[in-house]
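Letter by letter, the chains look like this.
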Amino acid sequence: MAELAVNVDHIATIRQARGGVYPDPVHAAVLAELGGADGIVVHLREDRRHIQDRDVRLLRETVLSRLILEMAATDEMIRIACEIKPDLVTLVPEKRSEVTTEGGLDVKADAGHVKNAVDRLHDGGLEVSIFIDPDNSQIEAAATAGAEMVEIHTGAFCDAKTKSVRERFFSEIVDAARLARNLDLKVNAGHGLCYNTIKRFSGTGIIDEFSIGHSIVARAALVGMKTAVAEMRELVQRCG
Ligand code: PXP
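Residues numbered from 1 in each chain as written. Predicted model: local features only at pLDDT ≥ 70, side-chain atom pairs only at ≥ 80, totals over all residues. Heavy atoms only, no water.

Asks: Mind showing me how you'd approach the packing of aromatic side chains here?
Replies: Each aromatic ring pair is characterised by the separation of its centres together with the angle its planes make. Throughout the structure, instances matching the rule amount to 4 aromatic pairs. For the pair Phe157 and Phe201, a centre-to-centre distance of 5.6 Å together with 80° between the ring planes defines the contact as edge-to-face. Placement of the pair is Phe157 in helix 7 (residues 155–159) and Phe201 in the loop between strand 7 (186–190) and strand 8 (209–212), with a sequence separation of 44 residues. We classify Phe157 as buried; its relative accessible area is 1%. Given the relative accessible area of 0%, Phe201 is considered buried. (Phe/Tyr/Trp six-rings, centres within 6.5 Å; stacked < 30°, edge-to-face > 60°. Helix = DSSP H or I, 4+ residues; strand = E, 2+ residues; numbered from the N terminus. Buried < 20%, exposed > 50% of the residue type's maximum accessible area, 1.4 Å probe, protein only.)

Asks: What should I look at first to understand the pattern of salt bridges in this one?
Replies: Note on pairing: side chains with opposite charge can pair once their charged atoms come close. Under the counting rule described, the total for this entry stands at 17 salt bridges. The salt bridge partner of Asp55 is Arg15, with a shortest N-O separation of 2.6 Å. In this pair, Asp55 is assigned in helix 3 (residues 53–62) and Arg15 in helix 1 (residues 9–18), connecting sequence segments 40 residues apart. Across this residue pair, the class does not change: Asp55 and Arg15 are buried. Notably, a salt bridge pairs Glu167 with Arg200, separated by 2.9 Å at the nearest N-O pair. A residue pair is termed long-range when its members are at least 10 positions apart, and Glu167 in helix 8 (residues 163–182) and Arg200 in the loop between strand 7 and strand 8 qualify at 33 residues. (Salt bridge = Lys/Arg side-chain N within 4 Å of Asp/Glu carboxyl O.)

Asks: When you look at the nonpolar core in this model, what are you seeing that I'm missing?
Replies: Side chains that are nonpolar tend, in soluble globular proteins, to be buried together. If you look at the biggest cluster of nonpolar residues, it comprises 78 residues, and the most contacted ones within it are Leu91, Ile130, Phe201, Phe210 and Ile216. The element that contributes the greatest number of residues to this core is helix 8, accounting for 8 residues. If near-sequence neighbours (up to four positions away) are discounted, Phe210 is found in contact with Ala2, Glu3, Leu4, Ala5, Ala189, Leu193, Ile198, Phe201, Val236 and Cys239. (Core = buried A, V, L, I, M, F, W, Y, C linked by side-chain atoms within 4.5 Å. Contact = heavy atoms within 4.5 Å.)

Asks: So what exactly am I meant to see when it comes to the site of the ligand here?
Replies: Taken together, the neighbourhood of the ligand is formed by 14 residues, with Thr101, Glu151, Gly192, Gly213 and His214 sitting nearest. Glu151 is positioned such that a nitrogen or oxygen atom in its side chain is 2.5 Å from a nitrogen atom of the ligand. Within the backbone of Gly192, a nitrogen or oxygen atom sits 2.8 Å from an oxygen atom of the ligand. Out of a free accessible area of 400 Å², the ligand has 94% covered by protein chains. For the shell around the ligand, the secondary structure elements donating two or more residues are helix 1 and strand 8. Split by residue class, the shell around the ligand holds 3 nonpolar, 8 polar and 3 charged. (Near = heavy atom within 4 Å. Polar contact = N/O pair within 3.5 Å; in protein donor to acceptor, adjacent residues only side chain to side chain. Areas by Shrake-Rupley, 256 points an atom, 1.4 Å probe, with all protein chains shown as cover. Nonpolar A, V, L, I, M, F, W, Y, C, P; charged D, E, K, R; others polar.)

Asks: Help me understand the sheet that holds strand 1 (residues 3–7) in this model?
Replies: Two strands in a sheet stick together by hydrogen bonds in their backbones, pointing the same way (parallel) or opposite ways (antiparallel). In space, the 8 strands of this closed barrel follow the order 1-2-3-4-5-6-7-8, with parallel pairing throughout. Taken pair by pair, the neighbouring strands of this sheet meet at an average axis angle of 25°, ignoring direction. Examined bridge by bridge, strand 1 and strand 8 share 4 bridges and lie parallel to one another. Bridge pairing in strand 8 places Leu4 opposite Phe210. Contacting strand 5 (128–132) and strand 6 (149–153), helix 6 (residues 136–144) crosses the sheet at an angle of about 160° to strand 5. (Pairing = 2+ DSSP bridges. Axes fitted to C-alpha atoms, helices over the stretch in contact; angles between N-to-C directions.)

Next up, the structure:
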């Protein structure tokens with residue numbers, strides 16, 4: 001059955017809008033787990049625009065499912081990950097000017113640097129996933145870099161304006177997921193998924209875990225975190 005990892009960055013975004021102490025992503029993670037989340041995801045960005053170091057430290061102590069840390073492959077982040085020891089590190093590209101992660105990591109273009117980061121995280125006892133576009137050469141590069149998993153970027157599929165374009169992007173995701181599985185990589189997927197787009201994965205069994213944040217937090221503002229997670233989890237479980 002496919003699993004759901006809930007990203008709570010946007011709870012921290014609301015907190016940082018006023019620079020105060022609420023709402024707390026640590027509280028949101030508890031409610032997400034009560035709603036059935038199989039994992040909690042946070043992205044500690046270089047500019048600390050939402051999640052703070054304190055959040056990651058506290059989540060490491062309070063998360064009962066699995067803590068997944070998204071981060072850039074920088075010396076600072078590798079040091080923090082090796083110290084805090086999340087259950088999984090997902091390497092993502094990061095640009096200061098972007099509103100959110102814009103594309104997958106170009107593992108091919110930066111193979112030596114990525115492999116070095118994966119090796120250092122492995123030395124710290126951590127499992128590593130790499131966030132990449134649904135592109136076969138990137139999947140192969142992620143396997144060569146030694147990652148245990150890939151997270152396939154679903155953004156283009158979710159943003160497609162027409163059914164035919166969306167189906168083309170969906171086929172790319174399916175092909176990339178098959179190749180990853182053949183290379184013995186676990187296959188996660190995420191970015192931009194909502195309560196409608198997730199339904200396209202129903203019954204496919206191609207994705208092990210979906211990483212979803214914005215649509216759940218947006219729905220939680222109206223129906224509550226526990227309910228929003230439970231509703232998404234039911235849809236995700238149909239994808240297995
Ligand atoms: N996966 C990765 C690598 C991401 O950077 C993000 C956004 O933080 C997500 C998944 C979740 O995307 P969304 O918030 O659009 O569900």
